[in-house]
Amino acid sequence: MITTDVDFIRDCLTRGDVVGFPTETVYGLAANIFDEKAIARIFATKNRPSSNPLIVHVPSIDHAKELVTYFPPKAEQLAKHFWPGSLTLILPKRAHVLDAVTAGQSSVAIRIPNHPMATQLLEKLAFPLAAPSANPYNRISPTSAQQVDFYFPNIHTLDGGECAAGLESTILSFDNDEVVLLRHGAVSVNDIENQVGRILNRTSHTALPISPGRSQKHYSPLCDLIVTYEPLFMLSAVQEKKVGILWFDKVTIESQKVLVHRVLAPSGSLQEAARNLFKCLHQMEQMGLDLLIVERLPDIGLGRTINDRLERASVK
Ligand code: TXA
Ligand code: MG
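Residues numbered from 1 in each chain as written. Chains lettered and ligands numbered in written order. Predicted model: local features only at pLDDT ≥ 70, side-chain atom pairs only at ≥ 80, totals over all residues. Heavy atoms only, no water.

Caption draft 1: Highlighting helix H6 (residues 116–124). Taken together, the buried positions of H6 are Met 117, Ala 118, Leu 121 and Leu 122. Buried positions in H6, seen along its axis, are confined to an arc of 130° and lie on one side of it. Relative to its buried face, H6 has exposed residues pointing more than 90 degrees away, namely Pro 116 and Glu 123. (Buried < 20%, exposed > 50% of the residue type's maximum accessible area, 1.4 Å probe, protein only. Helix = DSSP H or I, 4+ residues; strand = E, 2+ residues; numbered from the N terminus. Arc of directions from axis to C-beta.)

If you want it as structure tokens, here you go:
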């Protein structure tokens, strides 16, 4: 059920419901971080293992500080520059942050979303919101209220239009004085390194707890998916009957073999590609294809995040 009534959604959350809500990255499936039953309902609704911790959404840096024992100087610098925005910081948690939210870890993931309706909602609430992306475990993240409603018709979703970024937040942790990348996301590594210098990449670190955004297989469409710089070459090698191709900026062939062509970003901008990625994957998986061939993007800026998502989506 979709609504644009922020007060109604506030009331749902206050009485312990799980709701869909918009952020600039993707839609979240939200609940009160201090309500253990509501948090359990998020995991049940998504069918998500309880070992995967949630991101906490707050309206200000002061609210974030109430949840942590220490805010490293580099974290503060990054928060001041990128918040509100698509950057999640992993920080040491205070005791009152529930284990159910952090999956028993001593750290908590926090961000301030950059979406006017999310801000309005968070400012009206007496508690922060825990929210994973609003998709069933291992499915494509939603970038519109309609897509949340497609997955979860029985919950109330606040409609804030299509997400401007279209990719999940970038996740960073802090190791002594080092900044560590745990998940590529809507803020590029270049932009982060422009603020704090070189950062460590542990996006495929196996010693860390496996989490959805970091597990090898994730963001799965319903058909097989191949990501390649050479869609044409791939096409000549496959036997599948119903093939779709998702191009970066233009269609470069006509072939009887291809049932449907889509273009991610006619302008050639990586931001436009990011905004359209999950919507295109969702629409194409609904077409009953046997195989989706996706053109690999340039491995720079947001292209790295998009390629990361596509690689995880291509794991069978
Ligand atoms: O853009 C986003 O980040 C969206 C919107 C709704 O904010 N949320 C999102 O949540 O993508 P989710 O649950 O799909 O991904 C959260 C990631 C998971 O990979 C989780 O394991 C990681 O954050 N995470 C959360 N708390 C953590 C912690 N304490 N240590 C390490 N990783 C953590
Ligand atoms: Mg997710």
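Moving on from the coordinates now.
Caption draft 2: Focus on unusual backbone geometry. Note that the residue after Trp 83, namely Pro 84, is joined by a cis bond; omega there is -5°. Here the phi dihedral of Asn 47 falls at roughly 60°; this positive angle occurs in a residue that is not glycine. Relative to the elements of secondary structure, Asn 47 occurs in the loop between helix H2 (36–46) and strand E4 (55–57). Here Asn 138, not a glycine, exhibits a phi torsion of approximately 75°, which is positive. Note on placement: Asn 138 falls in the loop between strand E7 (129–130) and helix H7 (145–151).

Caption draft 3: Molecular detail of the environment of Phe 174. You can see Phe 174 is positioned in strand E9 (residues 170–175). On the basis of relative accessible area, Phe 174 is assigned to the buried category, the value being 17%. C-alpha of Phe 174 to C-alpha of Ile 90: the two residues are 84 residues apart in sequence and 7.2 Å apart in space. Discounting residues that sit within four places of it in the chain, Phe 174 has contacts with Pro 72, Lys 74, Ala 75, Leu 78, Leu 89, Ile 90, Leu 91 and Val 179. (Contact = heavy atoms within 4.5 Å.)

Caption draft 4: Main features of helix H8 (residues 189–196). Looking at H8, one finds that the buried residues are Val 189, Ile 192 and Val 196. Looking straight down H8, one finds its buried side chains confined to an arc of 65°; they lie on one side. Buried residues along H8 sit against helix H4 (73–82), strand E5 (87–92), E9, strand E10 (178–183) and helix H11 (302–314).

By themselves, these figures tell us nothing about what the structure is for.
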